[in-house]
Amino acid sequence: MKYPIRSLEFKKNKLYLIDQRSLPQKYEEFICVNYKDVEFAITDMVVRGAPAIGVTAAYGVVLAALEFLKLPIKQFLEQMHSACNIINKSRPTAVNLMWAIKRMRTLLIDSDTPAEILRKLKAEADKIADEDIKTNKKMGQYGNSLIPQKATILTHCNTGALATVEYGTALGVVRAAVEAGKEIFVYADETRPRLQGARLTAWELVQEGIPAKLIADNVAATLIRDGKIDLILVGADRIAVNGDSANKIGTFMLSVLAKVYNVPFYIVAPTTTIDFDIETGSEIEIEERSAKEVTHINGVQVAPDTIEVFNPAFDVTPNDNITAIITEKGIINKPFKENILKL
Ligand code: MRU
């Protein structure tokens, strides 16, 4: 494993992803050679986490351009829009995916040749990837200003380098606080059903030697009630204009506990996660994933195979339960709508 952890890299016309399905048992790469591989990688969660999905999608558009390069411009553009539509639908909740595809599509213009378009698409995807790293470091700086000297922080899901290009959003704030010399202790929720906390966040924390304990999701209430948690840091997959924030299933439950026990609850997300087209969280499409994610753990059946399952991948935390939203443009306080629109 190279350091710092980097979830993806575009080299010699191929996209190399850390295969997040195999961690922590195996460190493997998944290589995308065409845009259909990218669609699969996002859908099957080889790569996951809103910002990482967005950057992966952007490189998917580059791979599509390589594939259709020899076509005349009209057919080239038709194929490119169809590839964009396919990648756009690979997962529904994280708006960073649609944002990245929209940004890439602006370069699909018929006054250029396919070769010129390819060059511009590659430069744009590289720019989106570079911006992601810079954005995370900025959020880390802003977030660190809110972290006390010896803080115990609760995290949910994986919001680290693996969920972005490098560094992370909520886990990026933890990194920034550690880099600033603060004595930080992390409790990481395991995050059923896919265990991103246990498999990925715990892996990142161990790699970096950040003091931490992994907990089953249902331990969080006890820790919060007992005054063991100073603050909660989570990411987001889509934020409505009023501040309602969709994030990994279980986030809403934590926000309710935080409110009851008066624990600061922060969302850490880049402004690309804000969906300016929706007013409230009720408009966010929540992905439902397969029953097998719940009935099986690592391929081992843990429930009767005929039981019906409800498996939403995300929930929406109402703005009222959120203390502040930490972005690369600064810390957004209440009233969220007014302050988000100022962005
Ligand atoms: O289903 P996932 O693993 O893609 O969900 C990821 C999350 O919910 C993260 O918290 C969110 O994308 C923010 S990551 C920087």
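Just so we're clear, the structure is a prediction, and the values are computed from it rather than from any experiment. (Residues numbered from 1 in each chain as written. Predicted model: local features only at pLDDT ≥ 70, side-chain atom pairs only at ≥ 80, totals over all residues. Heavy atoms only, no water.)

Q: Describe the nonpolar core, listing the residues and the values that go with them.
A: In terms of nonpolar packing, the biggest core is built from 45 residues, with Leu-15, Leu-17, Tyr-59, Met-80, Ile-87 and Leu-121 touching the most fellow members. Counting residues per element, the ones that place at least two in this core are β1 (8–11), β2 (14–18), β3 (29–32), α1 (35–43), α2 (50–68), α3 (73–88), α4 (95–105) and α5 (114–144). Residue contributions to this core peak at 13 residues, all from α2. If near-sequence neighbours (up to four positions away) are discounted, Leu-121 is found in contact with Val-61, Val-62, Ala-65, Met-80, Met-104, Leu-107 and Leu-108. Residues Leu-154, Leu-254, Phe-336 and Ile-340 belong to the second largest nonpolar core, which totals 24 residues. (Core = buried A, V, L, I, M, F, W, Y, C linked by side-chain atoms within 4.5 Å. Buried < 20%, exposed > 50% of the residue type's maximum accessible area, 1.4 Å probe, protein only. Helix = DSSP H or I, 4+ residues; strand = E, 2+ residues; numbered from the N terminus. Contact = heavy atoms within 4.5 Å.)

Q: Explain helix α7 (residues 196–208) residue by residue, including any values.
A: One full turn of an α-helix is made of 3.6 residues, so residues set three or four places apart face in the same direction. End to end, α7 covers 17 Å across 13 residues, agreeing with the expected 18 Å (1.5 Å per residue, within 8%). Maximal helix bending in α7 amounts to about 25°, located at Ala-202. Three or more residues of α7 are buried, namely Gln-196, Gly-197, Arg-199, Leu-200, Thr-201, Ala-202, Trp-203, Glu-204 and Leu-205. Close packing links the buried residues of α7 with β4 (152–155), α6 (170–179), β5 (185–189), β6 (212–215) and β9 (245–248). Looking one or two residues beyond α7, the residue adopting positive phi is Gly-209, at roughly 65°. (Expected span 1.5 Å × (residues − 1). Bend = angle between axes of the 7 residues up to and from the residue.)

Q: Outline the side chain of His-156, listing residues and values.
A: Position of His-156 relative to the elements: it lies in the loop between β4 and α6. Judged by relative accessible area, His-156 falls into the buried class, the value being 3%. A polar contact of 2.9 Å, which involves the side chain of His-156, links it to the side chain of Asp-189. For His-156, the side chain forms a polar contact with the main-chain oxygen of Ile-249, separated by 2.8 Å. Filtering out sequence-adjacent residues up to four positions away, His-156 remains in contact with Asp-189, Thr-191, Asp-217, Leu-233, Val-234, Lys-248, Ile-249, Gly-250, Thr-251 and Leu-254. (Polar contact = N/O pair within 3.5 Å; in protein donor to acceptor, adjacent residues only side chain to side chain.)

Q: Before we move on, can you summarise α4 with the specific residues and values?
A: Taken together, the buried positions of α4 are Val-95, Asn-96, Leu-97, Ala-100, Ile-101, Arg-103 and Met-104. Where α4 is buried, its residues meet α1, α2, α3, α5 and β8 (238–239).

Q: Can you lay out the site of the ligand for me, pointing to particular residues and giving the numbers?
A: Taken together, 18 residues lie around the ligand, and Arg-48, Ala-50, Gln-196, Asn-247 and Lys-248 are the ones closest in. Note that an oxygen atom of the ligand is positioned 2.8 Å from one of the side-chain N or O atoms of Arg-91. Contact with the protein chains removes 100% of the 410 Å² of surface that the ligand exposes when unbound. At the level of secondary structure, the elements contributing two or more residues to the shell around the ligand comprise α2 and β9. Looking at which domains feed residues into the shell around the ligand, each of domain 1 (8–136) and domain 2 (145–341) gives three or more. (Near = heavy atom within 4 Å. Areas by Shrake-Rupley, 256 points an atom, 1.4 Å probe, with all protein chains shown as cover. Domains from an automatic or database assignment.)

Q: So what's going on with the sheet that holds strand β15 (residues 330–332)? Which residues, and what values?
A: In spatial order, the strands read β6-β5-β4-β7-β10-β14-β15; together these seven strands make up an open sheet with mixed pairing. In the strand order of this sheet, the two ends are held by β6 and β15, each with one partner. For this sheet, the mean inter-axis angle between neighbouring strands, taken without regard to orientation, is 25°. Bridge count for strand β7 (residues 231–234) against strand β10 (residues 265–268) is three bridges, and the pairing is parallel. What sits directly across from Leu-233, in β10, is Tyr-266. Along the sheet, α5 contacts β10, β14 (324–327) and β15; its crossing angle with β14, the most-contacted strand, is approximately 140°. (Pairing = 2+ DSSP bridges. Axes fitted to C-alpha atoms, helices over the stretch in contact; angles between N-to-C directions.)

Q: I'd like a description of the pattern of salt bridges, backed by residues and values.
A: Under the defined criterion, the tally for this structure stands at 20 salt bridges. Between Glu-9 and Arg-6 there is a salt bridge, with the nearest N and O atoms lying 3.6 Å from each other. Taking the relative accessible area as the measure of exposure, Glu-9 reaches 26% and is therefore partly exposed. For Arg-103, the salt bridge identified is with Glu-124, shortest N-O distance 2.7 Å. Remark: Glu-124 occurs in helix α5 and Arg-103 occurs in helix α4; sequence separation between them is 21 residues. The exposure class assigned to Glu-124 is buried, which follows from its relative accessible area of 16%. Each of Arg-91, Arg-194, Glu-287, Arg-289 and Glu-293 takes part in one network of salt bridges that share partners. (Salt bridge = Lys/Arg side-chain N within 4 Å of Asp/Glu carboxyl O.)

Q: Run through the pairing of β7, naming residues and quoting values.
A: Taking every second residue as pointing to the same face, both faces of β7 are buried, with Leu-231 and Leu-233 on one and Ile-232 and Val-234 on the other. Pairing of β4 with β7 involves three bridges; the strand directions are parallel. Bridging from a neighbouring strand, Ile-153 pairs with Leu-231 of β7.

Q: Break down the sheet that holds β2 for me, citing the residues and quoting the values.
A: Here three strands make up an open sheet; going across it, the order is β1-β2-β3 and the pairing antiparallel. Whereas interior strands pair on both sides, the edge strands pair on one side only; in this sheet they are β1 and β3. Averaged over all pairs of adjacent strands, the angle between their axes in this sheet comes to 20°, without regard to strand direction. The pairing of β1 with β2 spans four bridges and is classified as antiparallel. From the neighbouring strand, Lys-11 faces β2, where its bridge partner is Lys-14. Against the sheet, α1 touches β2 and β3, its axis set at about 140° to β3.

Honestly, that's just the spatial picture; any functional story needs more than this.
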